[in-house]
Each structure stands twice: as structure tokens, then as C-alpha cells.
Amino acid sequence: MNQNGKVKDLLLWTFLAVILGLFVSFAFLPLLGVQPVESLKIMLTEIFSDRFTMGNILIKTTPLILTSLAFAFTYKANLYNIGAQGQFYMGCICATATTLALQTKLPGIVVLLLAFAASILGGGLTGLLIGFLKAKFNANEFLVSMMSTYVIIYLLQFLLRTVLQEPKREYLKTAYLDSSAWLPKIIPGTSVSLGIVIALATAILIWFVLYRTSLGYRVRVNGMNQDAAAMSGISPKRMCMTAFFISGAIAGLAGFTEINGMQHMLLTGFESDIGSYGIGIAIMANANPIGVIFAALLFGALQVGGTALGHSTDAPASVIDVMLGFVMLFVLMSFFVRHKLEIRKMKKQKLQKGEA
């Protein structure tokens with residue numbers, strides 16, 4: 001099967017898995033005391049009811065695209081960045097601190113550019129540390145990246161109790177950012193900011209880097225076979241650190257789009273599942289940067305629809321996690337089944353060639 005055939009096959013299997021996952025999740029709803037047909041009607045009606053609600057999908061989608069790209073990039077190098085949540089928070093910290101320190105001293109556009117750079121650098125250096133520990137000491141990047149999230153969460157809580165806490169010292173949050181340092185809104189009647197454009201541009205840029213540059217080629221070759229990569233002059237250790245730096249930078253950028261584009265302040269415990277959702281989205285999209293966009297849109301729509309369902313019925317807040325869980329389960333199952341079928345097909349072709 002050629003490359004185009006493989007892509008079409010992947011899209012078909014993923015699409016069928018998503019549909020089946022949604023079907024099973026709605027069939028599961030009666031166990032939660034919710035009627036599936038009525039639930040579907042409410043979700044579709046609410047999602048497309050007005051411009052503001054549809055804009056909320058793009059708001060939810062923006063950081064999901066970036067955190068899933070963060071996982072996808074290291075995945076292409078056969079590495080696992082489980083710490084996108086922590087790198088996201090580090091991006092939030094850097095963007096907030098930079099903005100609060102400079103918003104009264106410099107023009108808004110300059111502050112935005114500096115906060116943009118600070119979030120990328122903060123997330124990137126966090127990722128680079130994980131990559132360094134992997135390259136230098138062969139530390140398990142899965143565990144190191146996961147534990148780094150807890151370190152950054154405690155750092156965030158410390159900062160919100162000290163130097164970044166709002167002036168009255170009553171709440172664990174920062175002061176509001178000045179409106180001059182907000183990302184501009186791009187859709188009238190909604191809260192959708194320029195962040196969605198940044199996220200889409202980043203997905204396209206990462207696709208270009210992975211599939212149209214020598215750096216992306218080295219990353220992918222290193223992911224397929226490190227020994228072969230080393231024999232061809234590609235340093236696996238350097239690729240490890242590079243991949244983690246870029247991955248962390250992308251996750252840190254998600255912090256900038258969320259702080260300067262939506263929240264306009266930093267507080268403890270917000271968007272606590274964005275890293276885990278990003279992993280699921282990247283897996284659903286088979287780590288393809290363009291596929292990530294559509295998978296993130298689906299997750300964003302389900303989040304908004306699930307919230308509307310919770311407001312309109314007695315459905316528990318966990319109903320959205322049930323839906324997303326079933327979708328992810330069936331997508332993973334589809335990958336397993338497709339892989340088994342491909343192996344069986346290859347064996348059959350080899351037998352046919354042997355008989356010939």
C-alpha cells in the first residue's frame with residue numbers, strides 16, 4: 001500500500017472509531033440517568049445555538065492543539081513527553097511575570113512579544129532539562145517529565161503565595177493583566193482571541209518542520225531506529241534534547257495563549273487536565289500535526305457540549321470524561337486492529353511470493 005493509501009486507511013479507521021466511541025458513550029448515558037437521544041439533541045442545539053457558544057469551542061481548542069503538538073513532536077522521536085501540563089504552567093508563569101513586570105513600562109505590543117518569547121523559553125528550558133537528563137544519564141523520560149509537572153505545580157503555588165500574589169494578599173492568584181497586554185479578539189461577539197491563529201500556525205509550522213526540513217527528518221529517523229540514525233551521523237542525544245526543547249516550547253506557548261488571550265491572570269489549579277487531554281488528542285491524530293487540529297476541535301466541541309448537557313440535565317460533571325474516554329478507547333483499539341490486519345496482510349503477501 002502506498003503512502004496515500006495508508007493515510008486514507010488511517011483516516012477511515014480513526015473516523016469509524018470516533019463514531020463508534022461516541023455511539024457507545026451515548027448508549028452508556030442511561031446508566032447515569034440521562035436519555036441519550038435527548039442528550040444528543042441538547043448538545044447539538046447548544047453548540048450551534050449562537051456565535052458565543054461556537055466561539056467557546058475555539059477557546060477550548062486553542063491550548064489543546066498546542067499541548068497535543070508538544071506530545072506529538074517527541075513521539076515522532078520515539079520519546080514520551082508526559083510533562084506538557086507542567087511546561088504549560090511554566091509558560092503561564094513566564095508570560096504572567098513578564099506581563100506584570102512590563103505592562104506599565106512598555107507599549108502593549110512589545111509586552112505581548114516579550115511574554116510570547118518568555119513563555120516559549122520557559123517551557124523550552126523545562127523540556128530541555130528533561131531531554132538532558134535522558135541524554136546524559138539515560139533517565140526514564142516518561143517518569144522524569146511526569147514528575148516535573150508536580151515540581152512546577154508546587155513552584156506555581158509558591159509564587160502565588162509570594163511574589164506573584166495579587167496586591168491585597170487575599171487570594172491565590174495574580175493581579176489582572178492590563179488590557180493593553182491582552183491578545184486581541186478576532187471574532188466579534190465572542191471571546192476568541194488571536195491565540196487560535198497562533199495555535200493553527202504552530203501546527204502548520206510543526207508539520208513543515210517534521211516533513212519538509214532536515215531537522216524533522218533527523219527527528220523522525222531517530223524515532224524509527226536510533227542505531228541506524230547514529231550510523232548515519234545523527235546524534236541521538238542531541239536529537240533527544242532538541243526534541244524536548246521544541247516540545248516544551250510548544251507547551252509553554254499554550255500558557256501564553258491562555259494567560260494573555262483568555263484568563264488575563266494566573267491562579268492555582270486552572271486547566272489541570274489540559275496535558276492529559278493533549279496526549280489523548282495526539283494519539284487520536286497519530287501524532288500528525290494537521291490531524292491534531294481536527295482531533296482538538298472534536299475534544300473542544302465535546303467539552304462545550306458536555307458542559308451544556310450538565311446545565312440542561314441532571315447529568316454529572318464527569319459525563320464529558322466518559323465520552324472522551326470511550327472515544328479514546330476505540331481509537332486505540334482501531335490502531336491495534338489495523339496493525340494486526342497489516343501484519344496479516346504482509347504475511348499473506350510473503351506466502352504468495354514464496355509459492356510463486
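Quick look at the structure, then. Keep in mind that what you see is a predicted model, and the values were worked out from it rather than measured.

Our next topic: the nonpolar core. Membership of the largest hydrophobic core comes to 86 residues, with the highest contact counts inside it found for Ile65, Phe73, Phe256, Leu266, Met284, Phe299 and Met323. When sequence neighbours within four positions are dropped, the list of residues in contact with Met284 reads Thr14, Val18, Ala295, Leu298, Phe299, Val327, Met328, Val331 and Phe335.

What follows concerns unusual backbone geometry. Backbone geometry places Asn78, a non-glycine residue, at a positive phi of 60 degrees. Residue position: Asn78 is located in the loop between helix 3 (51-76) and helix 4 (84-102). Here Asn78 falls in the partly exposed class, since its relative accessible area comes to 41%.

With that settled, consider the state of the cysteines. This structure, assessed with the given rule, holds 0 disulfides. Cysteine Cys94 remains unbridged, with the sulfur of Cys92 as its closest cysteine sulfur at 9.5 Å.

This paragraph deals with the packing of helix 8 (residues 214-224) against helix 10 (residues 236-263). At a minimum axis separation of 10 Å, helix 8 and helix 10 run at an interaxial angle of 115 degrees. Considering the angle they form, helix 8 stands roughly perpendicular to helix 10. Crossing of helix 8 over helix 10 shows left-handed handedness. Residues Leu215, Arg218, Val219 and Asn222 of helix 8 lie in contact with helix 10, whose contacting residues are Pro236, Met239, Thr242 and Ile246. Across the contact of helix 8 with helix 10, the residue classes break down as 5 nonpolar, 2 polar and 1 charged.

Attention shifts here to the side chain of Asn222. Position of Asn222 relative to the elements: it lies in helix 8. Ignoring sequence-local partners within four residues, the contact set of Asn222 consists of Ala77, Ala229, Pro236 and Met239.

Turning to the packing of aromatic side chains, a few remarks are in order. Inspection of every chain in the model, using the stated rule, returns 11 aromatic pairs. Measuring from centroid to centroid gives 5.5 Å for Phe116 and Phe256, while their planes differ by 85 degrees, and the two rings are edge-to-face. On the criterion of sequence distance, the pair formed by Phe116 in helix 5 (residues 108-137) and Phe256 in helix 10 is long-range, its members being 140 residues apart. Assessed through its relative accessible area of 1%, Phe256 is described here as buried.

Right, let's get into the pattern of salt bridges. Counting across every chain of the model gives 2 salt bridges. Among the ionic pairs, Glu342 bridges to Arg338, the shortest N-O distance being 3.3 Å. Within this pair, Glu342 and its partner Arg338 are both found in helix 13 (residues 319-355), separated by 4 residues, close to a single helical turn. Judged by its relative accessible area of 31%, Glu342 falls in the partly exposed class.

Basis of the calculations
Residues numbered from 1 in each chain as written. Predicted model: local features only at pLDDT ≥ 70, side-chain atom pairs only at ≥ 80, totals over all residues. Heavy atoms only, no water. Core = buried A, V, L, I, M, F, W, Y, C linked by side-chain atoms within 4.5 Å. Buried < 20%, exposed > 50% of the residue type's maximum accessible area, 1.4 Å probe, protein only. Contact = heavy atoms within 4.5 Å. Helix = DSSP H or I, 4+ residues; strand = E, 2+ residues; numbered from the N terminus. Disulfide = S-S within 2.5 Å. Axes fitted to C-alpha atoms, helices over the stretch in contact; angles between N-to-C directions. Parallel < 35°, antiparallel > 145°, perpendicular 65-115°, else oblique. Left-handed = near helix turned anticlockwise from the far one by under 90°. Nonpolar A, V, L, I, M, F, W, Y, C, P; charged D, E, K, R; others polar. Phe/Tyr/Trp six-rings, centres within 6.5 Å; stacked < 30°, edge-to-face > 60°. Salt bridge = Lys/Arg side-chain N within 4 Å of Asp/Glu carboxyl O.

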